[in-house]
Amino acid sequence: MEVQKTALKYGMITGVVLIIYFLLLALVGLHKHAAFSVANILITGSGIYLAIQRLKRIEKETFRYQFGFATGIVTGFTATIIFTLFSTLYITELNPNFTHEFMTKWEFDWFAGNGMLLLTIFLMGLATTVVLTLAFMQLFKDSWNTIEGSKHTLSKHNNVKSKKRAH
């Protein structure tokens, strides 16, 4: 239960921060430049990191890799869904010319519509979430470089050391 509560809380906060960042860019006219979306990675990554860190602080000894991983995934997916829903509202109602203005900066021979832009936003958010969650869990997982951890390896060398220590 704590996993879902933490993940949804941080996911919603991260989604709102992504929206605020986009609106700040729109105020100064920079929202049409895709290069500024690199900061979305930092924002999403911060939300995921803080959510996993919070869960680890709450659960302490009972923290497991799968719970941290689930927290990161749900946090990022929630933020992605919120930002994609906002983007849908923005490009269909608030600024219907956005897709055309954004895509013409790329000088393609073809035009992608609103659906393609929204799909791209959604898929980039999901991909970012998975990659960052896997990376952050390397920092948060417990090391198996311990006597207890060596019992769970296939290396004969490690198992021999464990048996010698037990005698």
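For every chain, the first residue of the written sequence is number 1, and numbering continues from 1 onward in sequence order. Given that this is a predicted model, residues contribute local features only at a pLDDT of at least 70 and side-chain atom pairs are listed and counted only at 80 or more, while totals for whole chains, interfaces and linings are drawn from all residues. Computation of side-chain values: all heavy atoms of the structure, hydrogens and water removed.

Visitor: Please clarify how the side chain of S87 should be interpreted in this entry.
Guide: Numbering of helices and strands runs from the N terminus, with a helix taken as a DSSP run of H or I at least four residues long and a strand as a DSSP run of E at least two residues long. You can see S87 is positioned in helix α3 (residues 65-94). Exposure categories follow from relative accessible area, calculated using a 1.4 Å probe and restricted to protein chains: below 20% of the type maximum is buried, above 50% is exposed, and the middle band is partly exposed. Residue S87 is classed as buried on the basis of its relative accessible area, which comes to 7%. Not counting residues within four places of it along the chain, the set of residues in contact with S87 comprises L118 and I121. Contact criterion: two residues are considered in contact whenever any of their non-hydrogen atoms come within 4.5 Å of each other.

Visitor: Would you explain unusual backbone geometry in this entry?
Guide: Peptide bonds are mostly trans, and most non-glycine residues show a negative phi. Its identity as a non-glycine residue notwithstanding, K60 has a phi of 45°, on the positive side. Examined against the element boundaries, K60 turns out to sit in the loop between α2 (38-59) and α3. For K60, a relative accessible area of 56% puts it in the exposed group.

Visitor: In this structure, what is going on with the packing of aromatic side chains? I would like to understand it.
Guide: One pair of aromatic rings is described through two measures. These are the centre distance and the angle between the planes. Stacked, edge-to-face and tilted labels apply to pairs of Phe, Tyr and Trp rings (six-membered ring for Trp) whose centres lie within 6.5 Å, assigned for plane angles under 30 degrees, over 60, and everything in between, in that order. Counted under the stated rule, the structure contains ten aromatic pairs. Centre to centre, the rings of F83 and F86 are 6.2 Å apart; their planes meet at 35°, and the pair counts as tilted. Taken together, the residues span about one helical turn, with F83 and F86 both in helix α3 at a distance of three residues. F86 shares its class with F83; the two are buried.

Visitor: Is there a simple way to explain helix α1 (residues 2-27) in this structure?
Guide: Under the 1.5 Å per step criterion, the end-to-end length of α1 is 37 Å for 26 residues, consistent within 8% with the ideal 38 Å. Listed in full, the buried residues belonging to α1 are V3, T6, A7, Y10, G11, T14, G15, L18, I19, Y21, F22 and L25. In this scheme, a helix's expected span is set at 1.5 Å multiplied by one less than its residue total.

Visitor: Please clarify how the nonpolar core should be interpreted in this entry.
Guide: General note: in soluble globular proteins, nonpolar side chains tend to be found buried as a group. Side-chain atoms within 4.5 Å link the members of a nonpolar core, which is a set of buried Ala, Val, Leu, Ile, Met, Phe, Trp, Tyr and Cys residues. Residues F22, F83, F86, Y90, I91 and F98 are the most contacted members of the largest nonpolar core, which totals 15 residues. Among the secondary structure elements, those contributing two or more residues to this core are α1, α3, α4 (98-104) and α5 (114-140). In this structure, V3, L132, M137 and F140 belong to the second largest nonpolar core, which totals nine residues.

Visitor: I keep staring at the packing of α1 against α3 and nothing clicks. Help me out?
Guide: When two helices pack together, their arrangement is captured by the angle between the axes and the distance separating the axes. Angles here are taken between N-to-C directions and fall from 0 to 180 degrees, while the axes themselves are lines fitted to C-alpha atoms, restricted in helices to the stretch in contact. Taken N-terminus to C-terminus, the directions of α1 and α3 make an angle of 35°; their axes are 7 Å apart at the nearest point. Relative to α3, α1 is oriented so that their crossing is right-handed. Counted by class, the contact of α1 with α3 contains 18 nonpolar, seven polar and no charged residues. Should the near helix be turned anticlockwise from the far one by less than a right angle, the crossing is termed left-handed; should it be turned clockwise, right-handed. Under the scheme applied, nonpolar residues are Ala, Val, Leu, Ile, Met, Phe, Trp, Tyr, Cys and Pro; charged residues are Asp, Glu, Lys and Arg; polar residues are all the others, including Gly.

Visitor: Is there a simple way to think about the environment of G45 in this case?
Guide: With respect to the element layout, G45 can be found in helix α2. Residue class for G45 comes out buried when judged on its relative accessible area of 6%. Spatially, the C-alpha atom of G45 lies 8.2 Å from that of G76, the residues being 31 residues apart in sequence. The contacts of G45, once residues within four sequence positions are left out, are L132 and F136.

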